[in-house]
Amino acid sequence: KEKNNKKILGMKENHMKQVFTMKEAIKAAKDSLISYSSNDADIPLRTNINVKEVGGQSLYMPGYAASSKALGIKIVSVYPNNINKGLPSVPATMILLDEETGQVCAMMDGTYLTRVRTGAVSGAATELLSNEDSSIFAIFGTGGQAETQVEAVLAVRNIKELRIYDINIERAKDFAAKMMEKFNIKCIAVESSEEAIENADIITSVTTTKNPVFDGRLVKKGAHINGVGSYTPEMHEIDEYTVLNAGKVYVDTRDGVLSESADLINPIKNNKCTEAIVTGELGELLLGNTKGRESSDEITFFKTVGTAVLDIVTAKMIYIKALELNIGDQVEM
């Protein structure tokens, strides 16, 4: 007779923060991308369902990574009208399955998971590609993804000065004060993109703009750039000059970036370059199948649009830690 009762671990943001550090998230990001680039993972295309009656959209991101024994699906909804109901406009939930039985074993806050894994993948790229003595870090955008982007770079480099640029200077100032209190480093809200990137060693852009946020001709030699915000063919935050003149251009996944981000789609469409502009996937670099930074003067560029493999591998590592530490809410079904 089959046993019908099963336990599902429920994890809120505070549970996840208790059991998982950014350094562990960066390791999870590396494991994820190695899995993807070595064809160890099965990551189907995202399924989008439009709910026209209420102006909503529901997105389903499933995947399996054999080496991490990670199986699951992240469900993200985009419901702009939720703001009128006092609800999040982009609610998300991660559902993890036991890879041996196919039973659901955990449900966790998908919004926080997305922030952590997105920060972590930039952290991994920064660790692998930026100069080790990098000390000035500029970030564009202060939205929900920005804090983990800062946290991840601080986890891999000894940053002395953080510069923050946002189209709203008051938001930039608020974010600077928050980051200074949390990380105890010098934080400056700047009023221009030029001021932000002057002599900056690391630059991260995490915006949803359709126009590039800085002039690539002003980027210092040896800088490393993370393009994080653009994830549709309409969003374009990194200018063509930067892409065309970077010594190395890395991506989280070739298929994702070349089909989803205008940062690379536009220069290819404008016949300024071909898909060969991509040096490699970050996973290929971790596997030793492609070259990394070759000189301290080289400008490196990493573009991420996100992939379900990051969600499932990170979620599995969080789940294992939570079981070890007995953190989370057990629900019997």
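Scroll up a little and you will see the structure.
From a predicted model like this one, the values you see are computed outputs, not experimental measurements. (Residues numbered from 1 in each chain as written. Predicted model: local features only at pLDDT ≥ 70, side-chain atom pairs only at ≥ 80, totals over all residues. Heavy atoms only, no water.)

## Some thoughts on the nonpolar core
Buried together is how nonpolar side chains tend to be arranged in soluble globular proteins.
(1) Moving on: If you look at the biggest cluster of nonpolar residues, it comprises 44 residues, and the most contacted ones within it are Met11, Met108, Leu282 and Ile318.
(2) Moving on: Contacts of Met108, omitting those with residues within four sequence positions, involve Met11, Met16, Ala92, Thr93, Met94, Ala315, Ile318 and Tyr319. (Core = buried A, V, L, I, M, F, W, Y, C linked by side-chain atoms within 4.5 Å. Buried < 20%, exposed > 50% of the residue type's maximum accessible area, 1.4 Å probe, protein only. Contact = heavy atoms within 4.5 Å.)

## With respect to the environment of Ile26
(1) Moving on: You can see Ile26 is positioned in helix 2 (residues 22-37).
(2) Moving on: Considering only alpha carbons, one finds Ile26 and Ala124, 98 residues apart in sequence, at a separation of 5.6 Å.
(3) Moving on: Discounting chain neighbours no more than four positions away, the residues touching Ile26 are Ala120, Gly123, Ala124, Glu127, Ala152, Ala155 and Val156. (Helix = DSSP H or I, 4+ residues; strand = E, 2+ residues; numbered from the N terminus.)

## Some points on the packing of helix 4 (residues 146-156) against helix 5 (residues 169-183)
(1) Moving on: Interhelical geometry of helix 4 versus helix 5 gives an angle of 40 degrees and a closest axis separation of 12 Å. Compared by their axis directions, helix 4 and helix 5 come out oblique. As helix 4 packs across helix 5, the resulting crossing turns out to be right-handed. Of helix 5, the residues touching helix 4 (which contributes Ala146, Glu147, Val150, Glu151 and Leu154) are Phe175, Lys178, Met179, Lys182 and Phe183.
(2) Moving on: Of the residues contributing to the contact of helix 4 with helix 5, the split by class is 6 nonpolar, no polar and 4 charged. (Axes fitted to C-alpha atoms, helices over the stretch in contact; angles between N-to-C directions. Parallel < 35°, antiparallel > 145°, perpendicular 65-115°, else oblique. Left-handed = near helix turned anticlockwise from the far one by under 90°. Nonpolar A, V, L, I, M, F, W, Y, C, P; charged D, E, K, R; others polar.)

## Quick word on the pattern of salt bridges
(1) Moving on: Taken as a whole and assessed by the stated rule, the structure comprises 21 salt bridges.
(2) Moving on: One salt bridge in this structure joins Lys17 and Glu13, with 2.9 Å as the shortest N-O distance. Placement of the pair is Lys17 and Glu13 together in helix 1 (residues 13-19), with a separation of 4 residues, close to one helical turn.
(3) Moving on: Given the relative accessible area of 46%, Lys17 is considered partly exposed.
(4) Moving on: Between Lys272 and Glu240 there is a salt bridge whose closest N-O contact spans 3.0 Å. Placement of Lys272 in the loop between helix 9 (262-269) and strand 14 (280-281) and of Glu240 in helix 7 (residues 240-245) is noted, with a sequence separation of 32 residues between them.
(5) Moving on: Residue Lys272 is classed as partly exposed on the basis of its relative accessible area of 49%.
(6) Moving on: Taken together, the shared-partner salt bridges connect Lys248, Lys291, Glu294 and Glu298 into one network. (Salt bridge = Lys/Arg side-chain N within 4 Å of Asp/Glu carboxyl O.)

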